[in-house]
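Chain by chain, the residues:
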Amino acid sequence: QVQLVESGGGLVQPGGSLRLSCTASGSIFRIVVMGWYRQAPGKQRELVAARTNDGTVNYADSVKGRFTISGDNTKGTVYLQMNSLKPDDTAIYYCNARQLVPRDLYSWGQGTQVTVSS
């Protein structure tokens, strides 16, 4: 299994920027996808952005053009650059890693709080 540690959350004003970082340890070689999810109070956890080993990325419609995912899955690193932040982006952000061998398994970080408020 993979262990994930996030950093970089905080309080920012609307229109501001934050950069989240996540580092994996353990069975890094088994990772096929790394990404970010978020969960706002009273809402379900949702995908924000994900990146496969071949560099294919996928974004939620709500963050396209504002957020950028980057990193190197083979090194167990993933980043999320968040620009033009809105109050609706306020949530706990979770790093995620998926492996398929020996079974389909999702690993989660502990989460980092992002608050967008004036």
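Placed above this text is the structure.
**Q** Just to check I follow, could you spell out the sheet that holds strand S1 (residues 2-7) for this structure?
**A** The pairing of strands in a sheet happens through backbone hydrogen bonds and is either parallel or antiparallel. Pairing within the open sheet is antiparallel, and its four strands lie in the order S1-S3-S8-S7. Looking at strand neighbours, the two that pair on one side only are S1 and strand S7 (67-72), the edges of this open sheet. Taking each pair of neighbouring strands and ignoring which way they run, the sheet shows an average axis angle of 15°. Direction of pairing for S7 relative to strand S8 (residues 77-82): antiparallel, over a ladder of six bridges.

**Q** I'm lost on the environment of Asn58 in this one. Help?
**A** Locating Asn58 in the fold gives a position in strand S6 (residues 57-59). Setting aside its immediate chain neighbours within four residues, Asn58 contacts Leu47, Val48, Ala49 and Ala50.

**Q** Teacher, can you tell me more about unusual backbone geometry here?
**A** Keep in mind that most residues, glycine aside, have a negative phi and that most peptide bonds are trans. Here the bond from Val101 into Pro102 is cis, since omega is 0°, no more than 30 degrees from zero. Mapped onto the elements of the fold, Pro102 is located in the loop between strand S9 (91-99) and strand S10 (105-108). Despite not being glycine, Ser84 has its phi angle at roughly 50°, a positive value. Along the chain, the position of Ser84 falls in the loop between S8 and S9.

**Q** When you look at the state of the cysteines in this model, what are you seeing that I'm missing?
**A** What is meant by a disulfide is a covalent connection between two cysteines, made through their sulfur atoms. Throughout the structure, instances matching the rule amount to one disulfide. With its sulfur 2.0 Å from that of its partner, Cys22 forms a disulfide with Cys95. Handedness of the Cys22-Cys95 disulfide follows from its S-S torsion of about -85°: it is left-handed. With Cys22 in strand S3 (residues 18-26) and Cys95 in strand S9, the pair connects residues that are 73 residues apart, well separated along the chain. Grouping residues by exposure puts Cys22 and Cys95 together as buried.

**Q** Whenever I open this one, the nonpolar core confuses me. Can you help?
**A** Generally speaking, nonpolar side chains in soluble globular proteins are found buried as a group. In this structure, Met34, Trp36, Leu80, Met82 and Tyr93 are the most contacted members of the largest nonpolar core, which totals 29 residues. Of all the elements in the fold, those that place two or more residues in this core are S1, S3, strand S4 (31-39), strand S5 (46-52), S7, S8, S9 and strand S11 (112-116).

Reading guide: rules and limits
- Think of each chain on its own: its residues are numbered from 1, step by step along the sequence as written.
- Given that this is a predicted model, residues contribute local features only at a pLDDT of at least 70 and side-chain atom pairs are listed and counted only at 80 or more, while totals for whole chains, interfaces and linings are drawn from all residues.
- Side-chain descriptors were evaluated using all non-hydrogen atoms of the structure, hydrogens and water having been removed beforehand.
- Strand pairing is assigned whenever DSSP detects at least two bridges linking the two strands.
- Runs of E in the DSSP output that reach at least two residues are strands. Runs of H or I that reach at least four are helices, and both are numbered from the N terminus.
- Axes, fitted as lines to C-alpha atoms, cover a helix only where it is in contact. Angles between the N-to-C directions of the axes lie from 0 to 180 degrees.
- In what follows, a contact means two residues having at least one pair of non-hydrogen atoms within 4.5 Å.
- Note on terminology: pairs of cysteine sulfur atoms within 2.5 Å are recorded as disulfides.
- Remark: exposure states derive from per-residue accessible area (1.4 Å probe, protein chains only) relative to the maximum for the residue type, with buried under 20%, exposed over 50%, and partly exposed in between.
- What we call a nonpolar core is a set of buried Ala, Val, Leu, Ile, Met, Phe, Trp, Tyr and Cys residues that are connected through their side-chain atoms within 4.5 Å.

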